[in-house]
Amino acid sequence: MSNRVELGQVHAALMSLPGVRDAAVHVVQQVPGSRRIVAHMVTRTPLAELRAALESRLPSHLVPARFHRVPHIPLLPDGSTDRHALAELTSPEPEPEPVPEPDADATRAPEPMPVPVPAPEGPARHDTHTPQDPPATVPVTPQQHTLLLDALAHPDAGRHVEQLHWRWRGPLDTDRFTAAWQSVFDRETVLRAAFAWESGPRLVLHGHADVEVVRHPAGSVDFENLRERDRLRGFDLRRPGMLRLNLVDEAAPADGSRPCVRVLLTFHHVMLDGWSVSVLLQEFYRAYLAGGRLPGGERRPDVRDYARWLAGQDTGPARDFWSSAVPPGAALLLPAVPGPATGLSGTGRAEARLGAGRADRLRAWAASCGATEAGALQAAWALLLYRAAGTTGPAAVGFGVTVPGRGIALDAVERLPGLLMNSLPMTVRVDPAAAVPRLLADLRDRALDIASYEWVSLGQIHRWSGRRADDRLAESLIVFENRRRGSDDLRSALAAQGISVGRPRATGVRGMFPVTLHAHRDVDDSLVLTAVHDRSRLADGDASRLVAQCARLLCELPGLKGGSASVADALASLAQEPRVRMARAPAATARSEPTRGEPRP
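A short tour of the structure in this document, coming up. Values in this document were obtained by computation on a predicted structure and should not be read as measured data. (Residues numbered from 1 in each chain as written. Predicted model: local features only at pLDDT ≥ 70, side-chain atom pairs only at ≥ 80, totals over all residues. Heavy atoms only, no water.)

### Examining empty space enclosed by the protein
Thinking step 1. Per the counting criterion, the structure on display carries five cavities of 30 Å³ or more.
Thinking step 2. Approximately 80 Å³ is the volume attributed to the largest cavity.
Thinking step 3. If you go around the largest cavity, you meet 14 residues; those closest to its centre are Thr141, Gln144, Leu203, Val303 and Tyr306.
Thinking step 4. Mapped onto the lining of the largest cavity, the elements with two or more residues apiece are strand S4 (136-139) and helix H8 (303-311).
Thinking step 5. In terms of residues, the lining of the largest cavity owes the most to one element, H8, which gives three residues.
Thinking step 6. Split by residue class, the lining of the largest cavity holds eleven nonpolar, three polar and no charged. (1 Å grid on protein atoms, 1.4 Å probe; cavity = no way out; pocket = protein on both sides within 12 Å on 5 of 7 lines; lining within 4 Å. Points joined across faces, edges and corners; volume = space filled by probe spheres on them. Helix = DSSP H or I, 4+ residues; strand = E, 2+ residues; numbered from the N terminus. Nonpolar A, V, L, I, M, F, W, Y, C, P; charged D, E, K, R; others polar.)

### Details of unusual backbone geometry
Thinking step 1. One non-glycine residue with positive phi stands out, namely His160, at about 70°.
Thinking step 2. With respect to the secondary-structure elements, His160 resides in the loop between helix H4 (142-153) and strand S5 (161-169).
Thinking step 3. A relative accessible area of 6% means that His160 is categorised as buried.
Thinking step 4. At Ala412, a position not held by glycine, the phi torsion is positive, near 60°.
Thinking step 5. Positionally, Ala412 belongs in the loop between strand S13 (395-403) and strand S14 (422-430). (Buried < 20%, exposed > 50% of the residue type's maximum accessible area, 1.4 Å probe, protein only.)

### Examining the environment of Leu272
Thinking step 1. Secondary-structure assignment places Leu272 in the loop between strand S10 (260-268) and helix H7 (274-289).
Thinking step 2. Here Leu272 is in contact with Val190, Leu191, Leu243, Phe267, Val277, Leu280, Pro417, Gly418 and Leu419, once residues within four sequence places are set aside. (Contact = heavy atoms within 4.5 Å.)

### What to know about helix H5 (residues 174-187)
Thinking step 1. Here H5 spans 20 Å end to end across 14 residues, near enough to the 20 Å set by a 1.5 Å rise per residue.
Thinking step 2. Looking at H5, one finds that the buried residues are Arg176, Phe177, Ala180, Trp181, Gln182, Ser183, Val184, Phe185 and Arg187.
Thinking step 3. Of the surrounding secondary structure, the elements contacted by the buried residues of H5 are S5, strand S8 (212-216), strand S9 (243-249), S10 and H7. (Expected span 1.5 Å × (residues − 1).)

### A short note on the packing of aromatic side chains
Thinking step 1. Taken as a whole, this structure holds twelve aromatic pairs when the rule is applied.
Thinking step 2. Centroid distance Phe321 to Trp322: 5.0 Å. Interplanar angle 75°. Geometry classified as edge-to-face.
Thinking step 3. One aromatic cluster is present, built from ring pairs that chain together Trp168, Phe177, Trp181, Phe284, Tyr285 and Tyr288.
Thinking step 4. Over the ring of Tyr288 we find Arg176; its NZ or CZ atom is 4.0 Å from the centre of that ring. (Phe/Tyr/Trp six-rings, centres within 6.5 Å; stacked < 30°, edge-to-face > 60°. Lys NZ or Arg CZ within 6 Å of the ring centre and 35° of its normal.)

### Here we look at the sheet that holds strand S7 (residues 202-205)
Thinking step 1. The strand order across the open sheet built from three strands is S4-S7-S6, with neighbouring strands paired in antiparallel fashion. Each end of this open sheet is capped by a strand with a single partner; those strands are S4 and strand S6 (193-196). Geometrically, the sheet is characterised by an average inter-axis angle of 35° between neighbouring strands, direction not taken into account. (Pairing = 2+ DSSP bridges. Axes fitted to C-alpha atoms, helices over the stretch in contact; angles between N-to-C directions.)

### What to know about the sheet that holds S14
Thinking step 1. Sheet architecture is open: six strands sit in the order S12-S19-S18-S15-S13-S14, paired in mixed fashion. Among the strands making up the open sheet, the edge pair consists of strand S12 (347-354) and S14. Each neighbouring strand pair of the sheet contributes to a mean axis angle of 25°, computed without reference to strand direction.
Thinking step 2. Of the strand pairs in this sheet, strand S18 (residues 515-521) and strand S19 (residues 527-534) are connected by seven bridges, and their pairing is antiparallel. Paired with Leu517 across the strands is Ala531, a residue of S19.
Thinking step 3. On top of the sheet, helix H10 (residues 356-368) reaches S12, S18 and S19; it is set at about 85° to S12, its chief contact.
Thinking step 4. Of the strands in this sheet, S13 and S14 touch helix H12 (residues 436-450), which is tilted by about 145° from S14.

### Let's talk about the pairing of S14
Thinking step 1. Among the nine residues of S14, eight are classified as buried, and the element is accordingly described as predominantly covered.
Thinking step 2. As judged from the nine bridges shared by S13 and S14, these two strands associate in the antiparallel manner. Residue pairing for S14: Gly398 is matched across the bridge by Thr427.

### A closer look at the pattern of salt bridges
Thinking step 1. Within this structure, the stated rule accounts for 30 salt bridges.
Thinking step 2. Arg353 is the salt-bridge partner of Asp522, the closest N and O atoms lying 3.1 Å from each other. Taken as a pair, Asp522 in the loop between S18 and S19 and Arg353 in strand S12 lie far apart in primary sequence, 169 residues in all.
Thinking step 3. Asp522 sits in the buried class, given a relative accessible area of 15%.
Thinking step 4. Residue Arg353 is classed as partly exposed on the basis of its relative accessible area of 39%.
Thinking step 5. Counted as one network, the salt bridges with shared partners bring together Asp360, Arg363, Glu373, Arg521 and Asp525. (Salt bridge = Lys/Arg side-chain N within 4 Å of Asp/Glu carboxyl O.)

Structure (structure tokens):
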């Protein structure tokens, strides 16, 4: 019995039994040629009943020879079962079967323990499963594990909540709109998923979740106030359905043109990334065009396939790579000189823009250096980090970068909705005597190396690098958005029904970094830079100066000495620019970077 498919069949049968909260199955071999299946379960149901139920569902050779009751299923960091810890939880002797009590509820699973994540305000959600029909579970991903730890460490319900908004011109049938989204929820497992902590963090895959769509008449709400309220409302991570929509009617145009509705889509980043939402939007439009129903059932791949792929990865090479990719010495992390407390709170935004001509010039210059626009942005940010430190010789600088997480050997991964995008540390050496194209090449090579291991989490990297709990690998993050293109066929089909939809615009919010620099190409092909910052660390004026200095470097680098200026030449172009100041981290958040195991109450 070495066939994983058969073990998966046994596990699935166990998880379908009434009262089984979690389970693990494996094969033991006592003498050569003698193998048997052993099952461990989190349950209050008498084991004899579970055995009898399995005997009616499985071939005899797949019915486990031994059943053990355990308080939880311990997991390794990659999400697979920790066999050593499981053995310590297992009694050496078979457990005597309790005498069933006459209470009709005696065989039901215990009520779920409260999850230590505050429930946000707003209408409660109820899933439709019962203890007799428990939902399946899969391990959380390393990225989710890191975000969950951060969410537990911060009380802000709006943390890691992201939003998209766009305009819908033409007729919009609310019932058809809602039915189309409900059809997508029924199709996509990730939209019916939630989290549980009873035996370590797990992703619970519910059978059903209701979509929430609210339509507001024209003049009844202010869109920006609604957007912020909806973000701060957050999501209850114990409940499925971590995506909702608001529709805001705008006043009827005086010229009699088509009516317009603003659409606000709010989702939690612990479950979805921006690429995934683009996939879901395409499915929604297909469902809307089909009258509100998306043909077919659940589509694969989904989060189950991704969890299986992750469980099959050998973390040894990733550990070796990241142990060397993050140097033991301290890198320069702050994009500003130390400054006094700001006396401010909340999240701020500062924006700068390169027109289409300058953006195209930057792209062409980066390509001539064998790099991309994203690489040019990383080089400019590395220069700002180096400048802020006030050093003169070569030094390492460090910042976070986002990676799509989809360059893996999983079929159709580009259509898989979930959290695959990741934030990883980038460390590069800046030498004032070296040419800027050399810095671009170093960043390109480092990005190519990282691409092989972009599925690990920041928390894992922190542990593997041997850093102290209060050491940070990055104080800033760069997000270069390469958005998934929509379908021309869908746009044409919508237009045939008198509908045009705008391009969704993201509203960046603060996550685990004091400052995050978002970059994207706008509809007019200009390059937009947006710094989303923690105002307790970076005052609004300093944030504006920081993003403006980054934009200035991007404008000037292609022309400095024919595009081959040295780092020192590039820094000299900012000689007259004022220094940006940044306050120290408050004591309560200085150790907020997640570095260790499972979330605890």
